[in-house]
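# Summary of the model geometry
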Amino acid sequence: SSSGGAFLPQSSRAPGGTCGAMTGEFTIRTRKFKQNPLLGRRQFVLDVIHPGMANVSKKDLATKLASMYKVHDSQCIQLFGFKTAFGGGRSTGFGLIYENLDKMKKFEPKYRLKRAGLGAEKAGAGRRSKKDTKNRRKKVRGKEKTKAAGGKK
């Protein structure tokens, strides 16, 4: 591999590590590490050095971070906003490590929970069926309106 790690010195505050995943080698470093007790999480900027690889999957990064920061459940780790540096080999993104899944469900936006496979499915009729029901209702008068709404589904 090339010497991609020459640009970024090893930070003394946060642990860094190299991982030989099934796809190849990559190094993780965290910057701007903050404890956020009000939201029950740790937050940081994540630098990934992955020479010879297009990119590293978030699942691989999450398992690596879980071992680095001794996280009991890697589902509590949320990674997003990754940008690959021009020329490849390095990516930068943002990471959150929640204390538990309850805090994560409380504070994370719905779309990110859905990405992580935790979002609840929307209940109710779909857009098309609502429109069909409305248009059926327009065609009848009086008491038949309720029949058109409920009866003919």
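Worth saying up front: this structure is predicted, and the values here are computed from it rather than measured.

Moving on, we get to the nonpolar core. If you look at the biggest cluster of nonpolar residues, it comprises 17 residues, and the most contacted ones within it are Ile 28, Leu 46, Leu 61, Leu 65, Ile 77 and Leu 79. The set of elements that each furnish at least two residues to this core consists of strand S2 (25-36), strand S3 (41-49), helix H1 (58-68) and strand S4 (77-84). With 5 residues, the single largest contributor to this core is H1. Leu 46 has contacts with Ile 28, Arg 29, Thr 30, Leu 61, Leu 65, Leu 79, Phe 82, Ser 91, Thr 92 and Gly 93, leaving out every residue within four places of it along the chain.

What follows is about a positive patch on the surface. On the surface, a cluster of positive charge is made up of Arg 127, Lys 131, Lys 134, Lys 138 and Lys 139. Mapped onto the fold, Lys 131 is located in helix H4 (residues 127-139).

Unlike most non-glycine residues, Lys 32 shows phi in positive territory, near 50°. Structurally, Lys 32 can be placed in strand S2.

The next thing to look at is the pattern of salt bridges. Note that side chains of opposite charge can pair when their charged atoms are close. For the structure on display, the rule yields 5 salt bridges. Arg 112 serves as the salt-bridge partner of Glu 108, at 2.7 Å between the closest nitrogen and oxygen. A single burial state applies to Glu 108 and to Arg 112, both of which are buried. For the salt bridge of Glu 144 with Lys 147, the shortest nitrogen-to-oxygen distance reads 3.9 Å. Pair noted here: Glu 144 and Lys 147 are both in helix H5 (residues 144-151), with a separation of 3 residues, about one helical turn. Take Glu 144: its relative accessible area is 40%, and that puts it in the partly exposed class. When its relative accessible area of 55% is taken as the criterion, Lys 147 is described as exposed.

Our focus in this paragraph is the environment of Arg 115. Of note, Arg 115 is situated in helix H3 (residues 110-115). By relative accessible area, which is 55% here, Arg 115 ends up exposed. A C-alpha to C-alpha distance of 9.5 Å links Arg 115 and Gln 78, two positions 37 residues apart in sequence.

With respect to the helices and strands, Gly 88 occurs in the loop between S4 and strand S5 (90-98). Along the primary structure Gly 88 and Pro 51 are separated by 37 residues, whereas in three dimensions their C-alpha atoms are 7.5 Å apart.

Before going further, it helps to examine the side chain of Asp 47. Along the chain, Asp 47 turns up in strand S3. Side-chain polar atoms of Asp 47 contact the side chain of Thr 92, separated by 3.2 Å.

Reading the values: rules and limits
Residues numbered from 1 in each chain as written. Predicted model: local features only at pLDDT ≥ 70, side-chain atom pairs only at ≥ 80, totals over all residues. Heavy atoms only, no water. Core = buried A, V, L, I, M, F, W, Y, C linked by side-chain atoms within 4.5 Å. Buried < 20%, exposed > 50% of the residue type's maximum accessible area, 1.4 Å probe, protein only. Helix = DSSP H or I, 4+ residues; strand = E, 2+ residues; numbered from the N terminus. Contact = heavy atoms within 4.5 Å. Patch = residues over 30% accessible without salt bridge, like charges linked within 9 Å, V, L, I, M, F, W, Y side chains within 5 Å. Areas by Shrake-Rupley, 256 points an atom, 1.4 Å probe, with all protein chains shown as cover. Salt bridge = Lys/Arg side-chain N within 4 Å of Asp/Glu carboxyl O. Lys, Arg positive; Asp, Glu negative; His and termini not counted. Charge placed at Lys NZ, Arg CZ, Asp CG, Glu CD. Polar contact = N/O pair within 3.5 Å; in protein donor to acceptor, adjacent residues only side chain to side chain.

By themselves these figures say nothing about function.
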